[in-house]
Amino acid sequence: GAGVSQSPRYKVAKRGQDVALRCDPISGHVSLFWYQQALGQGPEFLTYFQNEAQLDKSGLPSDRFFAERPEGSVSTLKIQRTQQEDSAVYLCASSLAGANYLYGYTFGSGTRLTVV
Amino acid sequence: AQSVTQLGSHVSVSEGALVLLRCNYSSSVPPYLFWYVQYPNQGLQLLLKYTTGATLVKGINGFEAEFKKSETSFHLTKPSAHMSDAAEYFCAVTLSSGAGSYQLTFGKGTKLSVIP
């Protein structure tokens, strides 16, 4: 597609519920990133994929967070047993090649997760 | 490791006035620096970036920024504010080499209001 597509745009979850957030990167983009943006804060890095390989998951806040990209295109961020502190906008970005920022990142519009 | 400090969470300017958004960074190796803009309920859009070469970089929508190594700054300016510039602006840094060089570290953002 022309841009990075994320779905759903908005998600309300009851505390303890599991959620799955989807990211469709730009076709052909090798690298895919997830960021978490809490209210009033800048985005914070969660995880990085190169094709289907998850090369860095150091930003995932707990073992309740899990990300996958099984075929090297679409990615899913799953949060188990959601808690109120998980409420945030989850941004996905993709890049044409590798870890070199010079190729540029394109961000999606994000999924706003509210845990009640 | 790297970090970004944006001075002023809110800045108000009159339409036609100079826009100045401040950003200071710290980085263990030469940095790559970026400014992003975020409109409500949208993703991040790249305004401009500094990687190497000329320290004064020009971006979209008439914005520019100057990399000053001695001051560890990368302030964003625009000579004349337009109503459409009202948005949130994020400064970000990444390492030019080494582990984690693909990670963007963002500041907390500055919300720009333009007064007619």
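Figured I'd write up the structure that's included with this text. By convention here, each chain's residues receive numbers from 1 onward along its written sequence. Note on labels: chains are lettered from A, ligands numbered from 1, in written order. Under the rules for a predicted model, residues below a pLDDT of 70 receive no local features and side-chain atom pairs below 80 are neither given nor counted, while totals for whole chains, interfaces and linings still include all residues. Note that the side-chain values use all heavy atoms of the structure and ignore hydrogens as well as water.

Let's talk about the pattern of salt bridges
All names here are of chain A. When a carboxyl oxygen of Asp or Glu is within 4 Å of a side-chain nitrogen of Lys or Arg, the pair counts as a salt bridge. Enumeration over the complete set of coordinates arrives at five salt bridges over all chains. Between Asp 24 and Arg 22 there is a salt bridge; the shortest N-O distance is 2.8 Å. Whether a residue is buried, partly exposed or exposed follows from its accessible area with a 1.4 Å probe, protein chains only, as a fraction of its type maximum: under 20%, in between, or over 50%, in that order. According to the relative accessible area criterion, Arg 22 is partly exposed, its value standing at 38%.

Quick notes on the pairing of strand 11 (residues 110-115) of chain B
All names here are of chain B. Side chains of strand 11 alternate between two faces, with Thr 110, Leu 112 and Val 114 buried and Lys 111, Ser 113 and Ile 115 left unburied. Direction of pairing for strand 2 (residues 10-14) relative to strand 11: parallel, over a ladder of five bridges. Paired with Ser 12 across the strands is Ser 113, a residue of strand 11. In terms of strand pairing, strand 9 (residues 87-95) meets strand 11 through three bridges, oriented antiparallel. Bridge pairing in strand 11 places Ala 87 opposite Leu 112. Labels follow the DSSP assignment, with helices taken as runs of H or I lasting at least four residues and strands as runs of E lasting at least two, numbered in each case from the N terminus. Strands qualify as paired when DSSP identifies two bridges or more between them.

Description of the pairing of strand 5 (residues 44-50) of chain B
For a regular strand, side-chain orientation follows a simple rule: the groups alternate between the two sheet faces. Residues and elements named next belong to chain B. Both strand 4 (residues 31-38) and strand 5 contribute to a ladder of six bridges, which runs antiparallel. The partner of Gln 38 across the bridge, within strand 5, is Leu 44. Counted along the chain from strand 4 to the antiparallel partner strand 5, the turn is five residues long, and its residue Asn 41 has a positive phi close to 60°.

Focus on the sheet that holds strand 7 (residues 64-68) of chain B
All names here are of chain B. Read across the sheet, five strands follow the order 1-3-8-7-6 without closing on themselves; strand pairing throughout is antiparallel. Of all strands in the sheet, those with a lone pairing partner are strand 1 (2-7) and strand 6 (56-58), marking the two edges. For this sheet the average axis-to-axis angle between neighbouring strands, irrespective of direction, equals 20°. Strand direction decides the pairing type here: strand 7 and strand 8 (residues 73-78), joined by five bridges, are antiparallel. Bridge pairing in strand 8 places Ala 65 opposite Leu 76. A fitted line through C-alpha atoms represents every axis, and for helices the fit uses only the stretch in contact; the resulting angles, taken between N-to-C directions, go from 0 to 180 degrees.

Points about the packing of aromatic side chains
In this analysis, rings of Phe, Tyr and Trp, with Trp reduced to its six-membered ring, are considered paired at centre separations within 6.5 Å, and the interplanar angle assigns stacked below 30 degrees, edge-to-face beyond 60, and tilted for intermediate values. Evaluated as defined, the whole model comprises 15 aromatic pairs over all chains. Where Phe 45 of chain A meets Tyr 102 of chain B, the ring centres are 6.1 Å apart and the plane angle is 50°; that geometry is what we call tilted. One end of the pair, Phe 45 of chain A, is in strand 5 (residues 44-50); the other, Tyr 102 of chain B, is in the loop between strand 9 and strand 10 (105-106), on a second chain. A single burial state applies to Phe 45 of chain A and to Tyr 102 of chain B, both of which are buried. Centroid distance Phe 107 of chain A to Phe 106 of chain B: 6.4 Å. Interplanar angle 75°. Geometry classified as edge-to-face. With Phe 107 of chain A in strand 10 (residues 105-107) and Phe 106 of chain B in strand 10, this pair bridges two chains. These aromatic residues form a ring-pair network of at least three members: Phe 33, Tyr 35, Phe 45, Tyr 48, Tyr 105 and Phe 107 of chain A together with Tyr 36, Phe 90, Tyr 102 and Phe 106 of chain B.

Examining the layout of surface pockets
As defined here, a cavity is a set of points on a 1 Å grid over the protein atoms alone where a 1.4 Å probe fits but cannot get out. A pocket is an open set with protein on both sides within 12 Å along at least five of seven lines, and residues line them when an atom is within 4 Å of a point. Grid points are joined across faces, edges and corners, and a volume is the space filled by probe spheres set on the points. Within this model, the largest pocket holds a volume of roughly 690 Å³. As for the largest pocket, its lining consists of 34 residues, of which Gln 37, Leu 39 and Arg 112 of chain A together with Gln 38 and Glu 88 of chain B are closest to the centre. Mapped by element, the contributors of at least two residues to the lining of the largest pocket are strand 9 (88-95) and strand 11 (111-115) of chain A together with strand 9 and strand 11 of chain B. The element that contributes the greatest number of residues to the lining of the largest pocket is strand 11 of chain A, accounting for four residues. Under the scheme applied here, ten amino acids are nonpolar (Ala, Val, Leu, Ile, Met, Phe, Trp, Tyr, Cys and Pro), four are charged (Asp, Glu, Lys and Arg), and all others, including Gly, are polar. Of the residues that constitute the lining of the largest pocket, the class distribution is 13 nonpolar, 16 polar and five charged.

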